[in-house]
Amino acid sequence: MLEKIAINWTVRYCLISHKMKVVAVAAELCIFLLSASCLLLLSSGFLLHSKPYDYSATTQCVKEPHRAQYGGGIIVNPGFDHNIKGWTVFGNGTIEERISNDGNRFIVARNRTRALDGFSQKVHLKKGLIYIFSAWLQLSEGSEIVSVVFKTNGSESVHGGHVIANHGCWSLLKGGIVANFSTPAEILFETENPTVELWADNVSLQPFTRKQWRSHQDDSVERVRKSRVRFQVTHPNETVLEGATVVIKQTRANFPYGCAMNHNILTNSEYQKWFVSRFKYTTFTNEMKWYSTEKIQGKEDYTIPDAMLQFAKENGISVRGHNILWDSEKRQPHWDLSLSPDELRVAAEKRMNSVVSRYKGQLIAWDVVNENVHFHFFEDKLGENVSAEYYSAAYHLDPNTKMFMNEYNTIEFSGDKDASPANYIRKLKEIQQFPGTAGILLAIGLQCHFSVGVPNLAYMRSGLDLLAATGLPIWLTETSVDPQPNQAEYFEQILREGFSHPAVQGIVMFVGPAQAGFNDSTLLADANFKNTAAGDVVDKLIREWGTGPQTAIADSRGIIDISLHHGDYDVTFTHPLTQYSKTLNISVRKGFSLETVHVKMHA
């Protein structure tokens, strides 16, 4: 017998009274859902001696700066309440304290002549610690990108974050750095235009250990991805059934966690079995792209993506559309490079109408103009607003599908200023403000291709914080790590960071098995489909993030408390003495009110 129950969630209640009476006509099962905030008391930072992480951020330019996060952390005189104590001049120019009309104190660098001229403070970075940086910045005139730079060993400079600062209001720069070795470091600020005055206030640098960082992730998962469920089993006479067994198996996860797929899936049965046994979300690597479907101008061929989509449908796999257009000159069909602007506009509009209309309503997302922060092929040929025009066109052709900006290096590499969260958001706003995009289901796609080296998790998390302030859905769309000795370890760190961040709503990895040709990326299985170390990581996280099965035994009160990831479950209850056995289907979700559900169990 299969019955379906919706398990509800709320933050308005923390404790369930032990005096709550269970009314039973026959043997009953009572299911209660505890507040996620209650669980947070059990695993919160103060019990683990970890300072809670501050996910707050804003993309707004504000009249007065907000308080320094973490009270400034290890920064001396972060709010300039003691004039400029702790701060020195770097390079040319002078620094001074000023006071606003509202009495706010801040520091000013003037008479600058070079990009890094200004104020600085020396700190000591400790190996293995993760440092979150934040500061509020303003310029004396205009609008410029301002970057924080950590200068170490007297020569090496590492960018830690970027912001578009303006005159007349304060903007938040949030970023960070991972210390790969212990070293003195100098915190500097960089602008391309050195002639403007640079103002700063409420500067913060907060270190976290790896253990503390992991506790942030675990706390966030308990709060955002899971809900606490209570099962209580009783006899018809209301006495409890101590020792009852509950077996819980997740049938579908609420959080989309998927993997790229390529054309080899159509002819390789082993690849098919490998994929279907693990994933319910995918993106085709190249098969839906323009240069694949129209290799010769005027001769479209959708045979392969059509077959791949059919395979996905037959196996309950949701597909992201990748991509309609690509803004890189190197990623065009070779024939469109020689077209005149008028001819290119006609060809691009034909492509838009063809692919979007063909797959309308069949995909969960479209990457509309791929990598249009880094590149501007169509803008150079057809005008600066053409990206926004294409988002509007795709939206009107397929209005119920999410339309993504999809970009690389936005959160994985702090040295790429061009694709920083600040520049990403600037392009995003251009699309949002363009006529014809009102109502569009716009979303943020972050590729997350990490290159060789220790991942800068501080920059990744702070970038997600800033992008989350837009209020738009965020997906990690092409997650991978380049081959290197610690590849599996780094891959796990990145996946955990994405899954635990409150704003991330899905992850798709651009990885796979050797027989599908993923040898130059993050290889998950060798030629015999035996897991690599990275493959072990993926399988471990699939199990950990809820697919189970899990078994628990009722205590002396007939109660089983368990924390479950949001999703759908088959739950089977048995007792060795009464021989009661029943299977229920429950749906654990976030966002509903707390209630008790009574289910009669007959012998």
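A brief report on the enclosed structure follows. (Residues numbered from 1 in each chain as written. Predicted model: local features only at pLDDT ≥ 70, side-chain atom pairs only at ≥ 80, totals over all residues. Heavy atoms only, no water.)

## Considerations on the overall build of the protein
Part 1 of the argument: Along the protein, the regular secondary structure elements total twelve helices and 30 strands.
Part 2 of the argument: Residues classed as buried in the protein amount to 58% of the 603 residues present.
Part 3 of the argument: By sequence separation, contacts in the protein at least 24 residues apart represent 77% of the contacts at least 6 residues apart. (Helix = DSSP H or I, 4+ residues; strand = E, 2+ residues; numbered from the N terminus. Buried < 20%, exposed > 50% of the residue type's maximum accessible area, 1.4 Å probe, protein only. Contact = heavy atoms within 4.5 Å.)

## Here's the deal with the state of the cysteines
Part 1 of the argument: The full count for this structure, using the stated rule, is one disulfide.
Part 2 of the argument: Here Cys-61 is linked by a disulfide to Cys-169, with a sulfur-sulfur distance of 1.8 Å. Looking down the S-S bond of the Cys-61 and Cys-169 bridge, the torsion is 95°, so its handedness is right-handed. With Cys-61 in the loop between helix H1 (36–43) and strand S3 (88–90) and Cys-169 in the loop between strand S9 (156–166) and strand S10 (171–178), this pair connects stretches of sequence that are 108 residues apart.
Part 3 of the argument: When its relative accessible area of 30% is taken as the criterion, Cys-61 is described as partly exposed. (Disulfide = S-S within 2.5 Å.)

## A word on unusual backbone geometry
Part 1 of the argument: Following His-322, the chain continues into Asn-323 via a peptide bond in cis, with omega recorded as -10°.
Part 2 of the argument: Here Asn-323 is to be found in strand S17 (residues 318–326).
Part 3 of the argument: Although it is not a glycine, Asn-83 sits at a positive phi angle of roughly 55°.

## Side note on the packing of aromatic side chains
Part 1 of the argument: Summed over all chains, the structure comprises 31 aromatic pairs.
Part 2 of the argument: Members of the aromatic cluster, joined through ring pairs, are Phe-255, Tyr-257, Tyr-271, Trp-274, Phe-275, Phe-279, Phe-499 and Trp-545.
Part 3 of the argument: Positioned above the aromatic ring of Tyr-53 is the side chain of Arg-461, whose terminal nitrogen or guanidinium carbon lies 4.6 Å from the ring centre.
Part 4 of the argument: For Arg-461, the ring lying beneath its charged end belongs to Trp-213, and the centroid distance is 3.5 Å. (Phe/Tyr/Trp six-rings, centres within 6.5 Å; stacked < 30°, edge-to-face > 60°. Lys NZ or Arg CZ within 6 Å of the ring centre and 35° of its normal.)

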